[in-house]
Amino acid sequence: MEKKIIGHCGVDSGQLLIIDPCYLGEWKDGEVDFDTKDFQNDYDEASKLTVDNDKQGGQHSKGGVVFNSGLGDGEYQVEAIYSNVGEFGKRIKEIRIKFF
């Protein structure tokens, strides 16, 4: 298997969201309101899903997955692991983000 650093992702909110970019047009922006249980907007939903100490993330309603970024803010290396898939050739098999 081939491994390659494909970039870095910056974190300023202590969390990351993996989502297909086509869903970002539906994103409802806004602030976090921890005084309410209901989700007020998509950022509020992501933040409330990651503060649960047991789960530290979960399925976001826009179709992505959101999770706590380990020890918080910073810039994290993203590594791709490639595999040969026969007639399709070399493809990304998995992505790794090392938080600490």
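The rules behind the values
- Residues numbered from 1 in each chain as written.
- Predicted model: local features only at pLDDT ≥ 70, side-chain atom pairs only at ≥ 80, totals over all residues.
- Heavy atoms only, no water.
- Salt bridge = Lys/Arg side-chain N within 4 Å of Asp/Glu carboxyl O.
- Helix = DSSP H or I, 4+ residues; strand = E, 2+ residues; numbered from the N terminus.
- Pairing = 2+ DSSP bridges.
- Axes fitted to C-alpha atoms, helices over the stretch in contact; angles between N-to-C directions.
- Core = buried A, V, L, I, M, F, W, Y, C linked by side-chain atoms within 4.5 Å.
- Buried < 20%, exposed > 50% of the residue type's maximum accessible area, 1.4 Å probe, protein only.
- Contact = heavy atoms within 4.5 Å.
- Phe/Tyr/Trp six-rings, centres within 6.5 Å; stacked < 30°, edge-to-face > 60°.
- Lys NZ or Arg CZ within 6 Å of the ring centre and 35° of its normal.

1. With respect to the pattern of salt bridges
So, point 1. Taken as a whole, this structure holds four salt bridges when the rule is applied.
So, point 2. The partner of Asp-44 in a salt bridge is Lys-48, and the shortest N-O contact between them spans 2.9 Å. Here Asp-44 and its partner Lys-48 are both found in helix α1 (residues 42-50), four residues apart, which amounts to about one turn of the helix.

2. A word on the sheet that holds strand β5 (residues 74-84)
The strands that make up a sheet are held in pairs by hydrogen bonds between backbone atoms, and each pair lies either parallel or antiparallel.
So, point 1. The antiparallel open sheet is built from three strands, whose spatial order is β1-β5-β6. Of all the strands in the sheet, the pair left with one neighbour each is β1 (2-11) and β6 (90-97). The mean inter-strand angle of the sheet, taken between neighbouring strand axes irrespective of direction, is 30 degrees.
So, point 2. In terms of strand pairing, β1 meets β5 through nine bridges, oriented antiparallel. Paired with Val-11 across the two strands is Gly-74, which belongs to β5.

3. Examining the nonpolar core
So, point 1. Grouped together as the largest cluster of nonpolar side chains are seven residues: Cys-9, Val-11, Leu-16, Phe-67, Tyr-76, Val-78 and Phe-99.
So, point 2. Going through the elements one at a time, β1 and β5 are the ones with two or more residues in this core.
So, point 3. Contacts of Leu-16, omitting those with residues within four sequence positions, involve Cys-9, Gly-10, Val-11, Val-65, Val-66, Phe-67, Ile-97 and Phe-99.

4. As for unusual backbone geometry
With the exception of glycine, most residues fall at negative phi, and the peptide bonds are largely trans.
So, point 1. The residue Gln-56 is not glycine, and still its phi comes out positive at about 60 degrees.
So, point 2. Owing to a relative accessible area of 37%, Gln-56 belongs among the partly exposed residues under this scheme.

5. Concerning the sheet that holds strand β2 (residues 15-18)
So, point 1. Pairing in this open sheet of three strands is antiparallel, and the strands run β2-β4-β3 from one edge to the other. Looking at the sheet topology across the chains shown, the edges are occupied by β2 and β3 (57-59). Strand-to-strand twist in this sheet, taken as the mean axis angle between neighbours without regard to direction, amounts to 10 degrees.
So, point 2. With four bridges connecting them, β2 and strand β4 (residues 65-68) associate as antiparallel partners. Following the sheet pairing, Ile-18 is matched in β4 by Val-65.

6. Section: the packing of aromatic side chains
So, point 1. Within this structure, the stated rule accounts for two aromatic pairs.
So, point 2. Considering the side-chain rings of Phe-67 and Phe-99, the 6.2 Å spacing of their centres and the 55 degrees angle between planes classify their relative orientation as tilted. In this pair, Phe-67 is assigned in strand β4 and Phe-99 in the segment after β6, connecting sequence segments 32 residues apart.
So, point 3. An angle of 85 degrees between the planes, with centres 4.9 Å apart, marks the rings of Tyr-76 and Phe-99 as edge-to-face. Placement of the pair is Tyr-76 in strand β5 and Phe-99 in the segment after β6, with a sequence separation of 23 residues. Grouping residues by exposure puts Tyr-76 and Phe-99 together as buried.
So, point 4. Here a set of aromatic residues connected by ring pairs shows up, and it is made of Phe-67, Tyr-76 and Phe-99.
So, point 5. Its guanidinium or amino end placed over the ring of Tyr-82, Lys-90 lies 5.0 Å from that ring's centre, counting from NZ or CZ.

Everything listed is a geometric property; what it means functionally is a separate question.
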